[in-house]
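Observations on the model geometry
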Amino acid sequence: MKISKEEVLHVANLARLEIDDADVERFAGQIGTILDYVDTLKQVDTAGVAATSHAITLTNAFREDEEAGHLDPQTALANAPEKDEGAFVVPKVI
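Attention in this report is confined to the structure presented alongside it. Given the structure is predicted, the values throughout are model-derived calculations rather than measurements. (Residues numbered from 1 in each chain as written. Predicted model: local features only at pLDDT ≥ 70, side-chain atom pairs only at ≥ 80, totals over all residues. Heavy atoms only, no water.)

1. Comments concerning the overall build of the chain
Keep this limit in mind: Helical segments are the DSSP runs of H or I of at least four residues, strand segments are the runs of E of at least two, and each set is numbered from the N terminus. Our radius of gyration looks at C-alpha atoms and nothing else; its globule reference is 2.2 Å times the residue count to the power 0.38. Residue burial considers only the protein chains on display, and all accessible areas are found by Shrake-Rupley using a 1.4 Å probe.
Assigned secondary structure in the chain consists of 3 helices and 2 strands. Beginning at the N terminus, the succession of helices and strands in the chain can be written as α-α-α-β-β. Taken over the C-alpha trace, the chain has a radius of gyration of 29 Å; the compact-globule value for 94 residues is 12 Å, which it surpasses by more than 25%. Its C-alpha atoms put the chain at 70 × 45 × 20 Å along the principal axes. For the chain, the accessible surface area stands at approximately 9,300 Å², while carbon and sulfur atoms represent 56% of it.

See below:
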């Protein structure tokens, strides 16, 4: 599918992009190639194929929640860069 320079400039304007004249020709060719490929995909018979949102089946990768005990203060503060009286020392936030 051929796309005109005016259409490239219109799309660039909608996207708020500034394109110089040398790039307009190149983009017109590239967009035309993409649209030709989309036309090729339109010819594929997809009757009976269920719509999908992902190319592969995704499953939840999270582990199940398990109840566990609390950390004791010494273990929780073991790697703290700064601590004072059993608490983390952090920068003051205003």
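Right, picking up where we left off after that structure.
2. A few points about a nonpolar patch on the surface
Worth spelling out the cut-off: Patches here: salt-bridge-free residues with over 30% relative accessible area, like charges joined within 9 Å, nonpolar side chains (Val, Leu, Ile, Met, Phe, Trp, Tyr) joined within 5 Å. Within this document, salt bridges are pairs made up of a side-chain nitrogen of Lys or Arg and a carboxyl oxygen of Asp or Glu, the two lying within 4 Å of each other.
On the surface, a nonpolar cluster with roughly 310 Å² of combined accessible area is contributed by Tyr37, Leu41 and Val44. Among the structural elements, Tyr37 can be located in helix 2 (residues 21–42).

3. Notes on the environment of Lys83
What counts is decided by this rule: Per-residue accessibility, obtained with a 1.4 Å probe over protein chains only, is compared with the maximum for each type, and a residue is labelled buried under 20%, exposed over 50%, and partly exposed between these values. By the convention used here, residues are in contact when the closest approach between their heavy atoms is within 4.5 Å. Under this definition, polar contacts are N or O atom pairs within 3.5 Å; protein pairs additionally need one hydrogen-donor-capable and one acceptor-capable atom, and for neighbouring residues in sequence, both atoms have to be side-chain atoms.
Within the secondary structure layout, Lys83 lies in strand 1 (residues 83–84). Judged by its relative accessible area of 47%, Lys83 is partly exposed. The residues touching Lys83, leaving out its near neighbours within four places in the chain, are Leu77, Ala78 and Val89. From its side chain, Lys83 meets the backbone oxygen of Leu77 in a polar contact 3.3 Å long.

4. Quick notes on unusual backbone geometry
In this structure, Arg16 is a non-glycine residue whose phi angle is positive, near 55°. When you line up the elements, Arg16 lands in the loop between helix 1 (5–14) and helix 2. Taking relative accessible area as the criterion, Arg16 reaches 76% and is therefore assigned exposed. One non-glycine residue, Glu85, adopts positive backbone phi at about 50°. With respect to the secondary-structure elements, Glu85 resides in the loop between strand 1 and strand 2 (87–88). Take Glu85: its relative accessible area is 81%, and that puts it in the exposed class.

5. Here's the deal with the pattern of salt bridges
Using the criterion set out here, one finds 3 salt bridges in the structure. One salt bridge in this structure joins Arg26 and Asp23, with 2.9 Å as the shortest N-O distance. In this pair, Arg26 and Asp23 are both assigned in helix 2, 3 residues apart and thus about one turn of the helix distant. With a relative accessible area of 44%, Arg26 lands in the partly exposed category. The exposure class of Asp23 is partly exposed, given its relative accessible area of 23%. Among the salt bridges present, the one from Asp39 reaches Lys42, with a minimum N-O distance of 3.9 Å. Taken together, the positions of Asp39 and Lys42, both in helix 2 and 3 residues apart, correspond to about one turn of that helix.

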